[in-house]
Amino acid sequence: MTKKLFIACAGAGKTTQIVEESIALTEAGTKVLIITYTRSNQNELLKKFEELGGRHNELFVVKGWYSFILEDVIRPYQQCIFSKRIDGIYLNSNNPHMREGRNILGRGEKVGALYNPKHYLTSKNQAHTEFIAKLACRIIKTSKVDISERIGAIYGRIYLDETQDFAGWDFDLIKLLTKSKELEIHALGDFRQTIYHTSSKPKKPASSAEKRVEYVKMGFEIEEMNNCRRSVASVCAFADTVHAGEGYTATVSKVETPKNVSHTGIHYVAPKNIDLYIKQHNPLILRHSANSGKMLDKYDNLMTFGESKGKTTEHVLIHPTEPFIKFLKGHAKPFGASATATSQNKLYVAITRARYSVAFIVEEDHFKGMLWQPTN
């Protein structure tokens, strides 16, 4: 089997690569499974398959991570732990066994020697996404099934898209899948864009560095996809500085600036000039949450950093958080010591949405002499 990890910079065209390779495989009669985290990514893959002329839809399967675990791993073997068919999944944003910072009684993993359904399932018999990968691993161990053999008999290649979002028990399950002698597994993602996790408080590996090490331990061959087809060189170079010194290959821009585009690079905008800047350049406006940057509520083209992931636009205007401001000022450790580096990664995501320019709203004396000035 082949195991490859493609570390792709923002705008590297990994979706196109996945679909082009999948079309070639399906034309040869191979069934392909693409697993990705969000519904928007799933829809994008299906759309791209159609756009690029894919014909064998029955061999091109796109699933969410949770759906894959439930349908392909848990349900076929769940009788060894839970006899009643699990109806579906329940999406958790936090640990469902905690309330106001305290553990809820009766939610332990086991009751005596038996697995506790209240630990893994809701009252409506839906699997908590918080523990679904853990449940899959427990079922595989209890049933003694060779899950890699089963999955390898169905699919010829699996793509793990947005692999930076997997963590903790997900890696235990991926490790079991890699035991197949036939199944090819290609993982693709950019660990600098880790802003979600499949668990609210995952066990290791949780940080980007830990995940990269874990893939190496599993025998994945690493390939860099550092050619950016989205952003001009000045935006790529600036985005690279967010994770400077962390071992990432420098991003190479493959974008030429059109002659009719004069506004490029990195800019700083004073609050008094926000209206003029937006009127002149019509940027995508990004902020931390709906409760931050309230002065921006009146504008239509407005998103949070997380919502913007996967987007491409000509110009971006960012309402920076305090760590972002520290970064812009050149502080040695602007993002603190966060294990998951979420704030740092959100800045990278925000910057790399832009094709031509990125601007930050600033109001401190530090940026005097660098402020954007409206043209007449």
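Everything that follows concerns the structure shown earlier in this document.
I will try to describe carefully the structure that is included in this document. Because the structure is predicted, anything quoted here is derived from the model rather than measured.

Helices and strands together make up the secondary structure of the protein chain, namely 12 helices and 19 strands. Relative to the compact-globule value of 21 Å for 376 residues, the protein chain shows a C-alpha radius of gyration of 23 Å, a close match. Considering only C-alpha atoms, the protein chain reaches an extent of 75 × 55 × 35 Å along its principal axes. When each of the 376 residues of the protein chain is scored for burial, the buried share is 53%. In the structure as shown, the protein chain presents an accessible area of about 18300 Å², 48% of it carried by carbon and sulfur atoms. Across the protein chain, the centroid of the 52 positively charged side chains sits 5 Å from that of the 40 negatively charged ones.

With that out of the way, let us pick up the layout of surface pockets. Volume-wise, the largest pocket comes out at about 610 Å³. Lining the largest pocket are 29 residues, with Gly 11, Thr 15, Glu 44, Arg 230 and Gly 310 sitting closest to its centre. Elements supplying a minimum of two residues to the lining of the largest pocket: helix H1 (14-27) and helix H2 (39-51). Here the element with the most residues in the lining of the largest pocket is H2; it accounts for four residues. Across the lining of the largest pocket, the residue classes tally to five nonpolar, 12 polar and 12 charged.

Turning our eyes to something else, we now look at the environment of Ile 81. Within the secondary structure, Ile 81 is located in the loop between helix H3 (65-74) and strand S4 (88-90). Sequence separation between Ile 81 and Leu 5 is 76 residues; the distance between their C-alpha atoms is 33 Å. Here Ile 81 is in contact with Tyr 115, Arg 138, Ile 139 and Thr 142, once residues within four sequence places are set aside.

Bringing helix H9 (residues 233-240) into the picture now. All of the buried residues along H9 are Val 235, Cys 236, Phe 238, Ala 239 and Asp 240. Those residues of H9 hidden inside the fold are in contact with strand S13 (227-228), strand S14 (252-253), strand S15 (265-269), helix H11 (322-329), helix H12 (342-351) and strand S19 (354-361).

What counts as what
- Residues numbered from 1 in each chain as written.
- Predicted model: local features only at pLDDT ≥ 70, side-chain atom pairs only at ≥ 80, totals over all residues.
- Heavy atoms only, no water.
- Helix = DSSP H or I, 4+ residues; strand = E, 2+ residues; numbered from the N terminus.
- Rg over C-alpha atoms; globule rule 2.2 N^0.38 Å.
- Buried < 20%, exposed > 50% of the residue type's maximum accessible area, 1.4 Å probe, protein only.
- Areas by Shrake-Rupley, 256 points an atom, 1.4 Å probe, with all protein chains shown as cover.
- Lys, Arg positive; Asp, Glu negative; His and termini not counted.
- Charge placed at Lys NZ, Arg CZ, Asp CG, Glu CD.
- 1 Å grid on protein atoms, 1.4 Å probe; cavity = no way out; pocket = protein on both sides within 12 Å on 5 of 7 lines; lining within 4 Å.
- Points joined across faces, edges and corners; volume = space filled by probe spheres on them.
- Nonpolar A, V, L, I, M, F, W, Y, C, P; charged D, E, K, R; others polar.
- Contact = heavy atoms within 4.5 Å.

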